[in-house]
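Each chain, written out:
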Amino acid sequence: MNIDSKILSGLDLSKIIYSQLSKRIEVLKSQSIIPSLAVILVGDNSASKIYVNNKTKRFTQLGLNSSTVNFSIDVTEQELINKISELNNEDTCHGILVQLPLPKHINSEKILLSIDPEKDVDGFHPFNLGKLASGNPTFIPCTPKGIMRFFEHYAIDISGKHVVVVGRSNIVGRPISILTSLKNKYSNATTTICHSGTSDIYHYTKMADVVILALGSPNFLKSDHIKDGSIIIDVGINRIKNNDNGYDLVGDADYESVIDKVSAITPVPGGVGPMTIAMLVENTIEASERLL
Ligand code: GUN
């Protein structure tokens with residue numbers, strides 16, 4: 001392992017990635033192609049609105065196109081499918097992202113299935129998830145892809161190590177459990193996936209060389225729950241009230257509690273979050289390069 005500081009900065013790493021991507025953007029622009037993303041946002045969930053805003057801002061900063069199609073909370077499945085079908089057929093739209101979660105009356109699987117897999121920059125279409133699971137090249141979901149980049153960039157060799165993933169969502173937990181266990185460079189780990197049905201999650205985190213937390217439970221992991229020198233990848237972004245009548249953003253790990261025991265950790269904020277957006281940009285560029 002080659003880490004100067006134990007803090008794995010997603011802010012620093014995403015800047016490096018954007019400067020690498022700028023060359024690919026130039027090539028596309030020289031061919032009159034401006035990578036373009038369409039985001040579908042349903043309802044007014046404040047967290048979703050913040051995520052979508054951050055994504056859109058980054059696209060604009062890079063001179064890329066990002067448009068958001070807003071639907072009210074009572075939108076029907078058919079209305080969403082009609083819009084997606086329109087975007088599938090639009091040549092100037094290269095990537096489509098449906099912000100999750102969707103309201104309960106909408107079958108998310110049905111909606112994701114209607115996205116053209118070649119425009120599925122989130123990598124959530126079952127066809128692309130199937131390719132990921134079988135180790136074939138595809139769009140990789142943005143947060144798991146960003147996590148793998150930490151391992152690559154900071155030369156963290158997880159081969160033969162025990163990775164414990166906490167959380168089994170299709171957005172993070174499931175795909176990162178697949179990626180870490182694939183027989184690839186920077187993967188090849190022994191991966192355990194824990195979830196709400198696991199009787200004693202801490203039993204597993206105490207054995208882990210790497211803990212990936214994606215459960216959305218503030219300060220869930222404390223120093224007693226890990227072994228010396230372990231690595232923590234913290235996907236949680238939780239808003240908790242502070243003493244000044246405001247909010248603090250905290251991860252799923254209790255940072256103060258674990259910091260002296262870990263050999264590396266992603267901070268919240270400034271860790272995994274910026275990497276998710278960088279990978280969305282990368283996937284959208286990849287989608288538009290199809291036209292070259
Ligand atoms: N909701 C939370 N994270 C994500 C994400 O990465 N993509 C989408 N589409 N929705 C999300």
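Residues numbered from 1 in each chain as written. Predicted model: local features only at pLDDT ≥ 70, side-chain atom pairs only at ≥ 80, totals over all residues. Heavy atoms only, no water.

Draft legend 1. The arrangement of the pairing of strand β3 (residues 95-98) in detail. Burial along β3 is two-sided: the face carrying Gly 95 and Leu 97 and the face carrying Ile 96 and Val 98 are both buried. Across four bridges, strand β1 (residues 36-42) lies against β3 in parallel orientation. Within the sheet, the bridge partner assigned to Leu 37 lies in β3 and is Gly 95. (Buried < 20%, exposed > 50% of the residue type's maximum accessible area, 1.4 Å probe, protein only. Helix = DSSP H or I, 4+ residues; strand = E, 2+ residues; numbered from the N terminus. Pairing = 2+ DSSP bridges.)

Draft legend 2. Structural view of the environment of Glu 118. In this structure, Glu 118 sits in the loop between α4 (108-113) and α5 (126-133). For Glu 118, a relative accessible area of 41% corresponds to the partly exposed category. For the pair Glu 118 and Phe 59, spaced 59 residues apart in the sequence, the C-alpha separation amounts to 20 Å. Excluding its chain neighbours within four sequence positions, the residues that come into contact with Glu 118 are His 94, Phe 139, Ala 287 and Arg 290. Here Arg 290 takes part through its side chain, which lies 2.6 Å from a polar atom of the side chain of Glu 118. (Contact = heavy atoms within 4.5 Å. Polar contact = N/O pair within 3.5 Å; in protein donor to acceptor, adjacent residues only side chain to side chain.)

Draft legend 3. Summary view of the environment of Pro 35. Within the secondary structure, Pro 35 sits in the loop between α1 (10-30) and β1. Taking the C-alpha atoms as reference points, Pro 35 and Cys 93, 58 residues apart in sequence, are found 7.8 Å from one another. With near-sequence residues (within four places) excluded, Pro 35 lies in contact with Leu 28, Leu 64, Asn 65, His 94, Thr 284, Ile 285 and Ser 288.

Draft legend 4. Focus on unusual backbone geometry. Omega for the bond connecting Leu 100 with Pro 101 falls within 30 degrees of zero, at 5°, which places this linkage in the cis form. Mapped onto the elements of the fold, Pro 101 is located in the loop between β3 and α4. Residue Pro 269 follows Val 268 across a cis peptide bond; omega there is -5°. By secondary structure assignment, the location of Pro 269 is in the loop between β10 (264-265) and α10 (272-289). Backbone geometry places Ser 32, a non-glycine residue, at a positive phi of 60°. Even without being a glycine, Asn 219 presents a positive backbone phi close to 55°. Within the element layout of this structure, Asn 219 appears in the loop between β6 (210-213) and β7 (231-234).

Draft legend 5. Quick peek at the pattern of salt bridges. Counted by the stated rule, this structure contains 10 salt bridges. A salt bridge links Lys 145 to Glu 282; the shortest N-O distance between them is 2.9 Å. Of this pair, Lys 145 sits in helix α6 (residues 142-153) while Glu 282 sits in helix α10; the two residues are 137 residues apart in sequence, bridging distant segments of the chain. With relative accessibility at 6%, the residue Glu 282 sits in the buried group. Arg 149 is the salt-bridge partner of Glu 152, the closest N and O atoms lying 4.0 Å from each other. (Salt bridge = Lys/Arg side-chain N within 4 Å of Asp/Glu carboxyl O.)

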